[in-house]
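Each chain, letter by letter, is given below.
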Amino acid sequence: SVYGGYGALITIYGIGTGLIIDRIGVVKSMSSGVIISLAGRLIMLIVTASTLGQVMLLISLLIVIPLGNSLMFPTMMIAIRRYTEKKNRNFVYGLFYTIMNIALIISGPLIDLFRLLLSGDDNILPDGSVEPAKLTYFAWTPYRGILALGVACTVVECILCLFLREIKVEEVDATAALERMNDDDATSAASTIATQQRTSSFVVSKTPPLQSMKTTLKKGSFRRYMVLGILLTNIKLIWRHLDATLPKYMIRKFGADIPFGSIIALEPFSIMLSTPIITFFAENSESLPMVLLGVSIASLCPIFVVIFPSFIWAFCVFLVLFGLSESIWSPRYYSLSVSWAKEGHEGIFAALAFAPTFLAQLPAGALSGFLLHTYCPNENYCNGTPLWGIVFGMALLSPLMMLVWWRWLSKEDDENVHDDSNEVAYDNAN
């Protein structure tokens, strides 16, 4: 329940922070999100098992860290749009996604290293409880070591934020400029156009928040993206099962010594290898068909663990193929979140569009607990076929529903669906 609430709260906070991002810009939003996240991770690192410690842990998990994440992730998507040109934007989103998954690859083996090689907390009793006299004892456990590593990485993020700039890259049509010149001037002008300064300071919108929200809600592209996010919910739930269901299932099915972190790392490893290749060959492909293709492949991946739930190789094949499918659709999906948004309103666009998706994922933790309790409660009874069969059946709905809604989803956006005159006048007046 806490896990599901964490994901949902990121979106709930995101509705408010989306308006803040549009008002204060990339630099301040990213810096604020990183500092807030650092505070939350520090709380998790230092708390003990006392009542006060448990309260502080819940505050960190349900308030501080979700608030920081709601500022950080949309800002990164917006920054890529501002710092790139349209012609190479898909490639940069793919590169961003590759780097993010390199971190996931590293984190899996590190979790196994901390969990299996380092000594545990000798204050934990066999039934999982803690000795009452030692509730306030600060024990340096493997899990606390993992949290310390997270704090260190967040400190590095804080340092990197010092180098961010509030700019945008201007779109320069060099071909059109050269066509307007005669042949004698074209050669010398080509090098000038290629090397000229193409960045400018980005002026954040001063539109009132309610006006910005009203403008966004009127856009046809916003409604299409929101529906698309809802249709992809069941595919995204597989991510939650990789976090919440698969580790417990593997421990109960294959034993406590199973290096599930390294096995799960196959998924981001597959993404790391396939994303640059797919991005290179499909850079000029339309994003929405790429999303449909990737989601269709992703929905079929669980079939291996449905048929062969007792074989580790089946989970490896599932994770590799799921990573391949994710490298096809996920970068394009996040690219659409800003490319379909009006410039200066990307924050509120992403926050409102993602809201139904994350709220639909609220029961993800409870669903994981139900499936494990029903079909894999302990090492003596663990039936993977119905457990993963339910996950497989739910995943198949996403591409099928995309096909049902395809004609409407692929409509060209009508930029004049609303009148921006009041908004422009407000910005000019301020």
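Residues numbered from 1 in each chain as written. Predicted model: local features only at pLDDT ≥ 70, side-chain atom pairs only at ≥ 80, totals over all residues. Heavy atoms only, no water.

Thoughts on empty space enclosed by the protein
Across all of its chains, the model carries 2 cavities of 30 Å³ or more by this definition. Roughly 60 Å³ of volume is contained in the largest cavity. Surrounding the largest cavity, Asn90, Gly94, Ile278, Thr279, Ala282, Met290, Ser327, Ile328, Pro331 and Arg332 form its lining. Those elements that place two or more of their residues in the lining of the largest cavity are helix H3 (86-117), helix H12 (266-281) and helix H15 (312-339). Here the lining of the largest cavity is composed, by residue class, of 5 nonpolar, 4 polar and 1 charged. As a volume, the second largest cavity reaches approximately 50 Å³. In terms of lining, the second largest cavity is formed by Leu19, Asp22, Arg23, Ser205, Thr207, Pro208, Pro209, Ser212, Gly344 and His345. Of all the secondary structure elements, the ones that give two or more residues to the lining of the second largest cavity are helix H1 (2-46) and helix H7 (209-218). By residue class, the composition of the lining of the second largest cavity is 3 nonpolar, 5 polar and 2 charged. (1 Å grid on protein atoms, 1.4 Å probe; cavity = no way out; pocket = protein on both sides within 12 Å on 5 of 7 lines; lining within 4 Å. Points joined across faces, edges and corners; volume = space filled by probe spheres on them. Helix = DSSP H or I, 4+ residues; strand = E, 2+ residues; numbered from the N terminus. Nonpolar A, V, L, I, M, F, W, Y, C, P; charged D, E, K, R; others polar.)

What about the packing of helix H9 (residues 233-244) against H15?
In the contact formed by H9 and H15, the axes pass within 12 Å of each other and the chain directions differ by 130°. By the criterion of interaxial angle, the relationship of H9 to H15 is oblique. Remark: the crossing between H9 and H15 carries left-handed chirality. Two secondary-structure elements touch here, H9 through Ile235, Lys236, Ile238, Trp239 and Leu242 and H15 through Phe318, Leu319, Phe322, Glu326, Trp329, Ser330, Tyr333 and Tyr334. Here the contact of H9 with H15 is composed, by residue class, of 10 nonpolar, 1 polar and 2 charged. (Axes fitted to C-alpha atoms, helices over the stretch in contact; angles between N-to-C directions. Parallel < 35°, antiparallel > 145°, perpendicular 65-115°, else oblique. Left-handed = near helix turned anticlockwise from the far one by under 90°. Contact = heavy atoms within 4.5 Å.)

A few points about the confidence of the model for the chain
For the chain, per-residue confidence averages 81 on the pLDDT scale, and 81% of positions sit at 70 or higher. Within the chain, helix H14 (residues 303-307) carries the highest mean pLDDT (96), whereas helix H20 (residues 421-429) carries the lowest (45). pLDDT under 50 marks residues 193-197. Its contacts with residues more than four places away, or in other chains, come to 5 contacts. Below pLDDT 50 for its whole length, residues 415-430 participates in 20 contacts with residues either more than four positions away or in separate chains. (pLDDT = per-residue confidence, 0-100.)

Remarks on the state of the cysteines
For the structure on display, the rule yields 1 disulfide. Across a sulfur-sulfur distance of 1.9 Å, cysteine 376 and cysteine 382 are joined as a disulfide pair. Since a negative S-S torsion denotes a left-handed disulfide, the cysteine 376-cysteine 382 link at about -90° is left-handed. Classification of cysteine 382 as buried rests on a relative accessible area of 9%. (Disulfide = S-S within 2.5 Å. Buried < 20%, exposed > 50% of the residue type's maximum accessible area, 1.4 Å probe, protein only.)

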